[in-house]
Amino acid sequence: MNKMLGNKKAIAAFTLPVLFVFSLIVFFPIIQTIQKSFYDWDGLTKPIFSGFKNYAELLRDPLFYQASKNGVLFAIVLVIFQIGISTLLALALMNPAIPFRRFFRNAYFIPAVLSVTVACQLFSSIYNPEFGMINKLFETFGLDWQQDWLSDTRCSLLAVAFVSVWHGMGYQFSIIFAGLKSVPDQYQEAAMIDGANRFQINTKVLIPLIKDTYRICLIMAITGGINAYSYMQILTKGGPGTSSHTLTYMTFRSAFTIGEYGYGCAVAAMLILQCLTATFLINKFMRSESITY
Amino acid sequence: MRKRSFLCVALTTVFLFCLTACSGSVQNVDTAKVSESAQPETAKDSGSDEYIVLKLYTHYDSGDTNKRVEYCTEKVQEKYPNVSFEIDPYQQDGGQSIKARAATGDLPDILFLNDGSILPLAKSGSILTLDDYIEKNDYTSGLSQSAIDNCLYSSDGHIYQFPVNGVQPYLWYYNKDLFDQYNVKVPENFDELLTAIQTFRDNDIIPMALFAKEPWVSGTFFDAFAMKEAPGGLKALSEGTAKASDEGYKKAIHKMKQAIDAGIFQQGVTNADFDTAFALFSSGKAAMFQNGGWCITDINKQMDDNVDYFDSYPTNDADYTDNNGCFAGGGNAEGYGVAANTADPELAMDVAALFAKAQAEYDYVKNGLVNAPFNTENLIPEVELPDMSKKMGKQLSEMKFTSKNVEMISNREFGTAFPEELQKFIVGESEEDFIKAVDALVEKAGGQ
């Protein structure tokens, strides 16, 4: 193994092509996007340099603040529900007393296998105000609280966010479950010997030991929420009005619908900044010494 | 060591080979009827025996549109037997893919254009101006006056496409059976419309099924009210020559609010697509439906003679009928244009002109669509024209089109933001907030 890692030519031969491709399809477009954000450009004719005009306009645009707020809200829903429910499910499956654990482990991942379109079409039916499952359930239980889930400005974003919660929960569950499984049993046994109950073992032993795993899950959930796009494009087209716009949707709208590519690039640049800031803050506050068993 | 180096090089080669296999675009093109001995050469002089294949971007997604393309190809081949087409199916994406292709210099020779995408392509020099061709060939002598006035010229005064449609109103269809069943008078003014809405609601019938997920649909609904008070409709707002706080618009918006609060639409209206709304109407769950005149044939197939359309939107005051002839819709500069990078512009223009005329002919003869841009006196439709088509055919010349489809106006900022504001209004925003928001939008983007 050490000989292999010492073979710099082998390392270069295997990593350089991938790094090259990754730079070409990730870094280069990001740099181009940032560069084009300083131009007035309709995507077809020659771009005209405009300095910080796009950014100044963006900071005066109420839609930018609404989209940013929606992104943060989306991220909070993902963190609370996606990570929260995944944690509960993963901890439950750690309990050997639960029957059919393998079946449940596979079943929880099934939504993640579905395409976004399929998940959105499914929930579009569930959310239907006249015939949808949720409103019909409320009706069955005698509740008068039927909602127009996707056509109400107050709840359309949350409705869309919950589709993402359901759809992506499989990934978070897998990561958290793998993290929990990697904790050696002796820590739990030691805690049991000391008189800890199940709840205390989970909260005081297991969860703190997988802090690094949660860091990754948080980064995925928060950046996924901030730049959510596909769910609202399919379910609500950013509506009603602009109530379910996020920054990614705003980028799409500016560039491809209105034809202001420079402005769209400025929105994308702000989105990158927000994601990087979130990642930096999460890494800063959740970094800990790596645990070796 | 040698073995390891060899393995290293071999694996890298395999990896690079896999990368190259992933490259290259996947073209989703179909080939229309091509002569047996046709060779896929680029377009050259049409007088030669050489077979010419022109790339054509057109609707090619269903049984009828495919038959239409075959029909048009045959018509083109009557003059140019050596010309055939490589079909590139039209994408319903607001012109985004065609703009991307223009940016990369990859436009098809002949392409279907709509009003919203013509000007950006023209400005970048991606499509040819057809002014000289039109004049040299006296093209307009075959067009109806309404098509010349409404469907030929783009907003910059030039011609970039050969039209396939004439003027087309957006209509309010109604289910005659439901009106009879619930003893509702077919409304002729706003008060009667409110009465009809209330009666249908009391009987659990949706008064109007609307597919407001599409931006243009809510814009058309707005125009149906606005044009009665201010004929310029949303077009005048986009041009900055009117404001939502003007008296006529305020009155229209107030009426819209009354209709919305009375429950004119189905629940989830801003999330409903065409299929959902049409299903509600054709199954008898909704009494009215809004769509273009092109829908007459489809509606007739589903509902026979149980449907008609209002001669005028019932959105005016009873004692004010001055603008009853105003209809949303009208004409759009929509049809077949020619890419600037085509090898033989003269040939491509001639072929595009023939194709456009053949398409309009097909729509009239085979489908009974009466809004052809050409004079149709010498054509005999092969289908029994529905009564609504005959009615529309007679009324078209009297209809006034003074506004425009919100997706076709050249002011894209207004055309994008206005339907968003309308959606908020439809789902419950107050009149005052809506008027304020639209005025701010006109201030910011009007006249662009």
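Residues numbered from 1 in each chain as written. Chains lettered and ligands numbered in written order. Predicted model: local features only at pLDDT ≥ 70, side-chain atom pairs only at ≥ 80, totals over all residues. Heavy atoms only, no water.

*Asks:* Where do I start with the packing of helix H9 (residues 156-181) of chain A against helix H12 (residues 211-226) of chain A in this structure?
*Replies:* When two helices pack together, their arrangement is given by the angle between the helix axes and by the axis-to-axis distance. Residues and elements named next belong to chain A. Relative orientation of the contacting elements H9 and H12 amounts to 170 degrees, with a least axis distance of 9 Å. By the angle class used here, H9 and H12 are roughly antiparallel. Contact residues: H9 offers Tyr171, Gln172, Ile175, Ile176 and Gly179, while H12 offers Thr213, Tyr214, Cys217, Met220 and Ala221. Among the residues forming the contact of H9 with H12, the class breakdown is seven nonpolar, three polar and no charged. (Axes fitted to C-alpha atoms, helices over the stretch in contact; angles between N-to-C directions. Helix = DSSP H or I, 4+ residues; strand = E, 2+ residues; numbered from the N terminus. Parallel < 35°, antiparallel > 145°, perpendicular 65-115°, else oblique. Contact = heavy atoms within 4.5 Å. Nonpolar A, V, L, I, M, F, W, Y, C, P; charged D, E, K, R; others polar.)

*Asks:* Teacher, can you tell me more about the UniProt feature "domain: ABC transmembrane type-1" (unreviewed entry) in chain A here?
*Replies:* The UniProt record annotates "domain: ABC transmembrane type-1" (unreviewed entry) at residues 68-282 of chain A. Helix makes up 74% of residues 68-282 of chain A and strand 0%, whereas the separation of the span's terminal C-alpha atoms amounts to 18 Å. (UniProt positions renumbered as here; feature names shortened; annotations may be inferred.)

*Asks:* Would you mind showing me how to read the nonpolar core here?
*Replies:* Buried together is how nonpolar side chains tend to be arranged in soluble globular proteins. Ranked by size, the top nonpolar core spans 87 residues in total, and within it Tyr173, Phe222, Phe289, Ile299 and Phe418 of chain B carry the most contacts. When residues in this core are grouped by element, the largest group, eight residues, is from helix H9 (residues 215-229) of chain B. Split by domain, the residues of this core number at least three in each of domain 1 (14-167 + 332-387) and domain 2 (169-330 + 395-445) of chain B. Filtering out sequence-adjacent residues up to four positions away, Phe289 of chain B remains in contact with Leu171, Trp172, Tyr173, Met208, Ala209, Phe211, Phe274, Ala277, Phe278, Phe281, Cys295 and Ile299 of chain B. In terms of nonpolar packing, the next biggest core, distinct from the first, is built from 63 residues, Ala67, Ala159, Ala228 and Leu271 of chain A among them. (Core = buried A, V, L, I, M, F, W, Y, C linked by side-chain atoms within 4.5 Å. Buried < 20%, exposed > 50% of the residue type's maximum accessible area, 1.4 Å probe, protein only. Domains from an automatic or database assignment.)

*Asks:* Would you mind going over the interface of chain A and chain B with me for this structure?
*Replies:* How big an interface is tends to be stated in terms of accessible area lost as the parts join. Facing 33 residues of chain A, the contacting portion of chain B comprises 30 residues. Scanning the region where chain A abuts chain B turns up one salt bridge. Where Glu420 of chain B meets Arg253 of chain A, a salt bridge forms, and the shortest distance between an N and an O atom there is 2.8 Å. At the junction of chain A with chain B, the criterion picks out five residue pairs in polar contact (both at pLDDT 80 or more). For the side of chain A that touches chain B, the leading source of residues is helix H2 (residues 8-36) of chain A, giving six residues. Looking at the side of chain A that touches chain B, its residues break down into 15 nonpolar, 12 polar and six charged. (Salt bridge = Lys/Arg side-chain N within 4 Å of Asp/Glu carboxyl O. Polar contact = N/O pair within 3.5 Å; in protein donor to acceptor, adjacent residues only side chain to side chain.)

*Asks:* I'm lost on a nonpolar patch on the surface in this one. Help?
*Replies:* Residue and element names in this part refer to chain A. A contiguous nonpolar surface patch, about 610 Å² in accessible area, is contributed by Val72, Leu73, Ile76, Ile80, Phe81, Ile85, Leu158 and Phe162. Elements represented by at least two residues in the nonpolar patch include exactly helix H4 (62-94) and H9. Tallying contributions element by element places H4 first for the nonpolar patch, with six residues. Checked against the element boundaries, Val72 lands in helix H4. By relative accessible area, which is 42% here, Val72 ends up partly exposed. (Patch = residues over 30% accessible without salt bridge, like charges linked within 9 Å, V, L, I, M, F, W, Y side chains within 5 Å. Areas by Shrake-Rupley, 256 points an atom, 1.4 Å probe, with all protein chains shown as cover.)

*Asks:* Would you mind showing me how to read H9 of chain B here?
*Replies:* Since the α-helix packs 3.6 residues into each turn, any two residues three or four apart lie on the same face. All names here are of chain B. For H9, spanning 15 residues, the distance from its first C-alpha to its last is 22 Å, which sits close to the expected 21 Å at 1.5 Å a residue. The sharpest bend along H9 comes to roughly 30 degrees, located at Asp223. Across the 15 residues of H9, 14 count as buried, placing the element largely inside the fold. (Expected span 1.5 Å × (residues − 1). Bend = angle between axes of the 7 residues up to and from the residue.)

*Asks:* Any chance you could explain the UniProt feature "transmembrane region" (unreviewed entry) in chain A here in plain terms?
*Replies:* Under the UniProt annotation, "transmembrane region" (unreviewed entry) lies at residues 12-31, 72-94, 106-127, 157-180, 213-232 and 261-282 of chain A. With 100% helix and 0% strand, residues 157-180 of chain A has end C-alpha atoms that lie 32 Å from one another.

*Asks:* Is there a simple way to explain the environment of Gln266 of chain B in this structure?
*Replies:* Structurally, the position occupied by Gln266 of chain B is in the loop between helix H11 (247-261) and helix H12 (274-282). We classify Gln266 of chain B as buried; its relative accessible area is 5%. For the pair Gln266 of chain B and Phe162 of chain B, spaced 104 residues apart in the sequence, the C-alpha separation amounts to 39 Å. When residues no more than four places from it in sequence are discounted, the contact partners of Gln266 of chain B are Glu130 of chain A together with Arg201, Ile206, Met208, Ala209, Leu210, Ala272 and Leu280 of chain B.

*Asks:* Would you mind showing me how to read a positive patch on the surface here?
*Replies:* All names here are of chain A. Taken together, Arg101, Arg102, Arg105 and Lys181 make up a surface patch of like positive charges. If you tally residues by element for the positive patch, the top one is helix H5 (residues 101-107), at three residues. For Arg101, the location among the structural elements is in helix H5. Residue class for Arg101 comes out partly exposed when judged on its relative accessible area of 30%. (Lys, Arg positive; Asp, Glu negative; His and termini not counted. Charge placed at Lys NZ, Arg CZ, Asp CG, Glu CD.)

*Asks:* For this particular structure, what's the right way to read H4 of chain A?
*Replies:* With 33 residues, H4 of chain A should cover 48 Å at 1.5 Å per step; its first-to-last C-alpha distance of 47 Å lies within 8% of that length. Backbone nitrogen of Leu63 of chain A and a side-chain oxygen of the N-cap are separated by 3.0 Å at the start of H4 of chain A; the cap is Asp61 of chain A.

*Asks:* For this particular structure, what's the right way to read the layout of surface pockets?
*Replies:* The rolling of a water-molecule-sized probe over the atoms marks out the regions of remaining empty space. Of the volumes computed, that of the second largest pocket is approximately 720 Å³. Lining the second largest pocket we find 26 residues, and of these Asp42, Ile258, Gly259 and Glu260 of chain A together with Lys123 of chain B sit closest to its centre. Of all the elements in the fold, those that place two or more residues in the lining of the second largest pocket are helix H3 (53-60) and helix H15 (261-286) of chain A together with helix H4 (115-123) and helix H16 (412-426) of chain B. Top contributing element to the lining of the second largest pocket by residue count: H4 of chain B, with five residues. A class-by-class count of the residues in the lining of the second largest pocket yields seven nonpolar, eight polar and 11 charged. Taken domain by domain, the makeup of the lining of the second largest pocket includes at least three residues from each of domain 1 (14-167 + 332-387) and domain 2 (169-330 + 395-445) of chain B. (1 Å grid on protein atoms, 1.4 Å probe; cavity = no way out; pocket = protein on both sides within 12 Å on 5 of 7 lines; lining within 4 Å. Points joined across faces, edges and corners; volume = space filled by probe spheres on them.)

*Asks:* Just to check I follow, could you spell out the domain arrangement of chain B for this structure?
*Replies:* Residues and elements named next belong to chain B. Considered domain by domain, chain B is made up of domain 1 (14-167 + 332-387) and domain 2 (169-330 + 395-445). Here domain 1 and domain 2 have C-alpha centroids that lie 32 Å from each other. Taken together, the contacts link 15 residues of domain 1 with 14 residues of domain 2. Applying the counting rule to domain 1 against domain 2 returns zero salt bridges. On the surface where domain 1 and domain 2 come into contact, there are one residue pair in polar contact (both at pLDDT 80 or more). Examining the composition of the side of domain 1 that touches domain 2, we find that three residues originate from one element, H4, more than from any other. For the side of domain 1 that touches domain 2, the per-class residue count stands at five nonpolar, seven polar and three charged.

*Asks:* Sorry if this is basic, but what is going on with the pattern of salt bridges here?
*Replies:* Two side chains with opposite charge may pair up if their charged atoms get near one another. Residues and elements named next belong to chain B. Scanning all chains against the criterion turns up 24 salt bridges over all chains. With a closest N to O distance of 2.9 Å, Glu229 and Lys255 form a salt bridge. Residue Glu229 is located in helix H9, and its partner Lys255 is located in helix H11; the two are separated by 26 residues in the primary sequence. The same class applies to Glu229 and to Lys255, which are both buried. A salt bridge links Asp308 to Lys391; its shortest N-O distance comes to 3.0 Å. Highlighted residues: Asp308 in strand E9 (residues 307-309) and Lys391 in helix H15 (residues 387-395), separated in sequence by 83 residues.

*Asks:* Mind showing me how you'd approach the pairing of strand E11 (residues 335-338) of chain B here?
*Replies:* Moving residue by residue along a regular strand, the side chains alternate between the two faces of the sheet. Residue and element names in this part refer to chain B. As judged from the four bridges shared by strand E4 (residues 110-113) and E11, these two strands associate in the antiparallel manner. In the strand pairing of E11, Ile110 is matched with Val338. In terms of strand pairing, strand E5 (residues 162-163) meets E11 through two bridges, oriented antiparallel. When the bridges of E11 are listed, Phe162 appears paired with Tyr336. (Pairing = 2+ DSSP bridges.)

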